[in-house]
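The primary structure of each chain is shown beneath.
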Amino acid sequence: MKESSRKQGAASPCAACKLLRRRCAQDCVFSPYFPADEPQKFANVHRVFGASNVNKMLQELPIHQRGDAVSSMVYEANARVRDPVYGCVGAISSLQQQIDVLQAQLALAQAEVVHLRVRHSTNFQGHGLCPDSPSSSGSPSSKQVSPQDNKGMFSHMDMVDEASLGESMWSC
């Protein structure tokens, strides 16, 4: 890793030490998490949390948890830079609103599928047609019901149990 080259003094300091303009020691708590080639990563964390606070947090954590802590701090810091008031809460809220809109769209699409299945089933049953029946001519246009006949038939339906509909749909 980079630590072996830093022991010889040839490597550049980590992004934290570079920004703080200090010598990067071999046991630098920042170097494993803020490499020299990612200076903006530490700059945002330093701007939001402060180097001293980040140092204290990392020192208090077991080594195996530090990477996750740094990832969380980087995410929050980047969110705070983009949205200083709400930070990652603003991003989470925006995503939640998108989920709500998509769930509503999905529910409408599922209701439309159910409505079309019921309508399709009613058209077959109302005219003695069944997809497996020999009396079906194979030409659905010859015995179709006009759209006016079914107008408003299912407008009162909010939701239909799709499982029970699937069982009774083809039972002619």
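What counts and what doesn't
Sequence order sets the numbering: in each chain, residues are counted from 1 along the sequence as written. Only residues with pLDDT of at least 70 are given local features in this predicted model, and only at 80 or more are side-chain atom pairs given and counted; all residues enter the totals for whole chains, interfaces and linings. As a rule here, side-chain values cover all heavy atoms of the structure and leave hydrogens and water aside. By definition, any uninterrupted DSSP run of H or I lasting at least four residues is a helix, any uninterrupted run of E lasting at least two residues is a strand, and each is numbered from the N terminus. Exposure is judged per residue with a 1.4 Å probe applied to protein chains only, and the accessible area is read against the type maximum: over 50% gives exposed, under 20% gives buried, and values in between give partly exposed. Throughout, a residue-residue contact means that at least one pair of heavy atoms, one from each residue, lies within 4.5 Å. The method behind every accessible area is Shrake-Rupley, applied with a 1.4 Å probe, and residues are considered shielded solely by the protein chains displayed. UniProt positions are given in the numbering used here, feature names are shortened, and annotations may be inferred rather than shown by experiment. Salt bridges are identified by distance alone: a Lys or Arg side-chain nitrogen within 4 Å of an Asp or Glu carboxyl oxygen. Buried Ala, Val, Leu, Ile, Met, Phe, Trp, Tyr and Cys residues that are joined via side-chain atoms within 4.5 Å together make up what is termed a nonpolar core. To obtain an axis, a line is fitted to C-alpha atoms, over the contacting stretch when the element is a helix, and the angle between two such axes runs from 0 to 180 degrees between their N-to-C directions. Throughout, the term roughly parallel applies to angles under 35 degrees, roughly antiparallel to angles over 145, roughly perpendicular to angles from 65 to 115, and oblique to all others. In this classification, Asp, Glu, Lys and Arg are treated as charged, Ala, Val, Leu, Ile, Met, Phe, Trp, Tyr, Cys and Pro as nonpolar, and every other residue, Gly included, as polar.

Topic: the overall build of the protein chain
Then step 1. When its secondary structure is counted, the protein chain shows seven helices and zero strands.
Then step 2. When its helices and strands are written in sequence order, the protein chain yields α-α-α-α-α-α-α.
Then step 3. Burial status across the protein chain gives 24% buried among its 172 residues.
Then step 4. Here the analysis covers contacts within the protein chain between residues at least 6 apart in sequence; of these, 50% occur between residues at least 24 apart.
Then step 5. Here the protein chain displays about 11800 Å² of accessible surface, and carbon together with sulfur accounts for 54% of that area.

A short note on unusual backbone geometry
Then step 1. In this structure, Arg21 takes a positive phi of about 55° despite not being glycine.
Then step 2. Judged by its relative accessible area of 78%, Arg21 falls in the exposed class.

A word on the UniProt feature "coiled-coil region" (unreviewed entry) in the protein chain
Then step 1. Per the UniProt entry, the sites bearing "coiled-coil region" (unreviewed entry) are residues 92–119 in this numbering.
Then step 2. The span residues 92–119 carries 100% helix and 0% strand; its end-to-end C-alpha distance comes to 40 Å.

A look at the environment of Ala77
Then step 1. Relative to the helices and strands, Ala77 resides in helix α5 (residues 63–82).
Then step 2. Overall, the relative accessible area of 0% leaves Ala77 in the buried class.
Then step 3. Sequence-wise, Ala77 and Phe49 are 28 residues apart; in three dimensions their C-alpha atoms are separated by 7.7 Å.
Then step 4. Discounting chain neighbours no more than four positions away, the residues touching Ala77 are Asn44, Val45, Val48 and Phe49.

What to know about the pattern of salt bridges
Then step 1. Summed over the entire model, instances satisfying the criterion amount to two salt bridges.
Then step 2. For the salt bridge of Arg80 with Glu76, the shortest nitrogen-to-oxygen distance reads 2.9 Å. Of this pair, Arg80 and Glu76 both sit in helix α5, separated by four residues, roughly a single helical turn.

Details of helix α3 (residues 39–49)
Then step 1. Where α3 is concerned, the buried positions are Phe42, Ala43, Asn44 and Val45.
Then step 2. Check the buried side of α3 and you find it contacts α2 (15–20), α4 (51–60) and α5.

Some thoughts on the nonpolar core
Then step 1. Core analysis: the biggest nonpolar cluster contains 20 residues, and Phe30, Phe34 and Leu58 have the highest contact counts within it.
Then step 2. When contributions to this core are tallied by element, the ones reaching two or more residues are α2, α3, α4 and α5.
Then step 3. Take this core: its biggest share by element is five residues, from α5.

Focus: the packing of α3 against α4
Then step 1. At a closest axis distance of 7 Å, the pairing of α3 and α4 adopts a crossing angle of 100°. The angle between the axes of α3 and α4 places the two elements in the roughly perpendicular class. Taking contact as the criterion, the partners of Phe42, Val45, His46 and Phe49 in α3 are, on α4, Ala51, Asn53, Val54 and Met57.
Then step 2. Of the residues that constitute the contact of α3 with α4, the class distribution is six nonpolar, two polar and no charged.

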